[in-house]
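Residue-level listing of the chains:
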Amino acid sequence: MKEATKKRVLVNKIVLTLATLSAVAGLMFLGWILFVLAYNGIEALNSNIFIYDGAPPGYKESGLRHALVGQAMLVVTATLIGVPAGLLAGTYLSEYGQNSKFANFIRDISDIMMSAPSIVIGAFVYAILVAPVGHFNGWAGSCALAIMMIPIILRTTDDMLSLVPQTLREAAAALGAPKYKVILQVVYRGAKTGIITGILLSIARIAGETAPLLFTSFSNSFFSTDMNQPIASLTVTIYNYATSPYADWQKLGWAAAFILALFVLGTNIIGRLIIKQRKR
Amino acid sequence: MKNIADMIFKNLVTFFAISVLIILVAIFTVLFNEAKPAIDAFGFDFITNEKWAPNLEIFGGYPAIYGSIVSTFIAMIIATPIAIGIAIFLSEISPQFLKSPVGTSIELLAAIPSIIYGMWGLFYFAPILRDIFGGTGLGLLTAGIVLSIMILPFIAAITRDAMNTTPDILKESAYALGATKWDVIKNIIIPYAKAGVIGSIILALGRAIGETMAVTFVMGNVHKIPKQLTDPATSIPVTLANEFAEADTDLYYSALFYLALILFLISFVVIGLAKFYFLRKVRKAS
């Protein structure tokens with residue numbers, strides 16, 4: 001009897017130690033990756049990066065302005081397409097569809113789309129927006145990103161709108177407001193913070209995407225704001241520079257990765273903080 | 001007047017809800033259409049054919065499919081126990097003041113863009129494996145390990161949530177009988193959270209199989225069945241990422257779409273299974 005208890009206590013200790021070590025391992029990898037990013041990124045970071053565009057390896061006056069501007073254009077355009085579409089679809093689910101079969105079906109579909117391989121979405125957009133035009137273009141890149149954004153915004157909007165108390169809607173309706181006005185002026189206002197957080201998180205998510213851009217917006221070594229033409233993005237530039245054999249390009253790649261990570265992780269943390277505050 | 005505005009708004013939001021379905025159907029249709037020439041040319045043998053020779057217009061998807069499956073399998077073997085360990089730590093061991101920071105940090109692993117995993121894998125992780133196993137350091141094993149780190153947070157977070165749904169009274173009853181923490185975890189919490197744990201593992205598998213950039217950096221991109229796990233290989237997403245922009249013949253282009261279609265079908269089935277069969281309960285609870 002005593003032996004058995006001893007064994008149980010020992011096994012318990014071993015397993016709990018292993019579980020703790022797992023957590024330490026996870027944190028260690030996070031720390032390692034962040035350290036590598038900061039170490040290489042800060043070293044490579046200087047004002048040239050924001051002033052100059054990409055240049056052949058060996059040039060001193062070489063920077064990331066083209067990629068930063070291109071990235072901003074791609075993300076902003078994707079946001080302009082994805083946010084209204086996701087927001088309105090989410091509004092349907094929460095305000096009209098509710099728990100109907102169709103609404104749940106759409107929720108399921110968007111859950112699947114949220115996890116779909118991004119490179120497949122890139123291939124899809126290539127077939128409909130790049131191949132027919134004959135050349136890579138910025139619009140296609142934005143559309144690919146928007147397709148990834150819609151399900152995220154749809155789900156958060158749906159969740160956030162359903163948190164708005166029913167009594168608010170009833171009160172507004174009792175005053176004679178039509179349903180669309182109740183939604184636009186009362187429900188949206190009540191869920192504003194949550195919706196904005198969802199938008200922030202979805203922007204953070206798509207900003208780090210590379211695969212769907214590889215063959216939609218492609219990349220551009222030069223400064224360009226023409227969305228009908230290939231356009232540079234931070235992520236594809238990182239890919240091109242990091243896989244190149246030139247030390248100075250690799251360095252620029254690290255600088256770009258550092259800037260991207262600052263943006264993505266920063267936005268993510270801010271979003272989480274807002275959600276946490278609301279839950280209290 | 002009031003009714004017209006209401007009707008317009010309702011139709012507008014309904015249209016956007018339906019558009020999600022339209023996009024999904026469009027993805028399937030377009031992938032299938034573009035893959036059609038390759039499907040006609042190679043049929044289902046495409047899946048088992050080992051030869052990928054664009055210059056001869058011979059395309060077999062087996063090396064890419066093999067690479068996807070093996071790298072994902074390695075990732076699952078490594079990630080599952082560690083992630084469940086993390087979940088156990090977060091839900092049962094961690095002192096209260098550590099729960100939130102450790103949990104958030106682990107979840108941040110999921111927020112790091114995959115291209116950054118790729119860079120880290122190529123410049124820092126692959127050289128270590130090269131020193132240990134020889135070769136180039138690029139290949140299935142490296143890809144599997146990098147993937148495992150990326151999917152840790154998915155399994156850990158969902159498993160933790162599922163574990164947290166265990167009623168306290170069950171745990172307390174077991175403790176009162178003299179059970180150790182591990183007894184409680186093994187006999188009460190894990191059986192209770194089983195559906196969520198399995199669901200999270202399958203969901204992570206779906207993510208891993210479609211992951212592109214991190215793997216593209218460290219896979220080596222060789223269209224052959226590797227002799228060892230440390231040899232360079234390829235996978236479906238890696239092949240797409242590397243060759244899509246340079247596919248110069250119609251059949252080449254179509255063969256890539258065939259691969260994309262296979263990848264989409266696999267991930268669709270896997271994610272669907274995880275979400276609708278296993279994660280229903282967890283989703284409702286959280």
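Nothing here was measured: the structure is a model prediction, and the numbers come from that model.

### With respect to the nonpolar core
So, point 1. By size, the foremost hydrophobic cluster in this structure holds 168 residues, and its most contacted members are B:Ile27, B:Leu31, B:Phe46, B:Tyr117, B:Phe244 and B:Phe257.
So, point 2. In this view, B:Phe257 contacts A:Ala123, A:Tyr126, A:Ala127, B:Leu31, B:Glu34, B:Ala35 and B:Phe244; residues no more than four positions away in its chain are not counted.

### Some remarks on unusual backbone geometry
All names here are of chain B.
So, point 1. In the Ramachandran plot, Glu 57 falls in the positive-phi region, its phi being about 60 degrees despite a non-glycine side chain.
So, point 2. On the secondary structure map, Glu 57 appears in the loop between β1 (52–53) and β2 (58–59).
So, point 3. The backbone of Asn 221 shows a phi angle near 55 degrees, a positive value even though the residue is not glycine.
So, point 4. Here Asn 221 lies in the loop between α9 (213–218) and α10 (236–243).
So, point 5. Residue classification places Asn 221 among the partly exposed positions, given a relative accessible area of 27%.

### A word on the confidence of the model for chain B
Residue and element names in this part refer to chain B.
So, point 1. Residues of chain B with pLDDT of at least 70 account for 97%, and the chain-wide mean is 92.
So, point 2. Ranking the helices and strands of chain B by mean pLDDT puts helix α3 (residues 62–93) first, with 96, and helix α12 (residues 280–285) last, with 57.
So, point 3. For this predicted complex, the interface score ipTM comes out at 0.93, alongside a pTM of 0.93.

### So, the interface of chain B and chain A
So, point 1. On the chain A side, the residues contacting the 83 residues of chain B number 83 residues.
So, point 2. With both sides pooled, the region where chain B packs onto chain A buries about 7100 Å², and carbon together with sulfur makes up 80% of that total.
So, point 3. Summed over the shared surface of chain B and chain A, the number is two salt bridges.
So, point 4. Put simply, A:Arg272 and B:Glu107 hold a salt bridge, and the shortest N to O gap is 2.7 Å.
So, point 5. Our count for the contact surface shared by chain B and chain A stands at nine residue pairs in polar contact (both at pLDDT 80 or more).
So, point 6. Sorting elements by how many residues they give to the side of chain B that touches chain A places helix α1 (residues 2–42) of chain B first, with 20 residues.

Definitions and cut-offs
Residues numbered from 1 in each chain as written. Chains lettered and ligands numbered in written order. Predicted model: local features only at pLDDT ≥ 70, side-chain atom pairs only at ≥ 80, totals over all residues. Heavy atoms only, no water. Core = buried A, V, L, I, M, F, W, Y, C linked by side-chain atoms within 4.5 Å. Buried < 20%, exposed > 50% of the residue type's maximum accessible area, 1.4 Å probe, protein only. Contact = heavy atoms within 4.5 Å. Helix = DSSP H or I, 4+ residues; strand = E, 2+ residues; numbered from the N terminus. pLDDT = per-residue confidence, 0-100. Buried area = accessible area lost by both parts, 1.4 Å probe. Salt bridge = Lys/Arg side-chain N within 4 Å of Asp/Glu carboxyl O. Polar contact = N/O pair within 3.5 Å; in protein donor to acceptor, adjacent residues only side chain to side chain.

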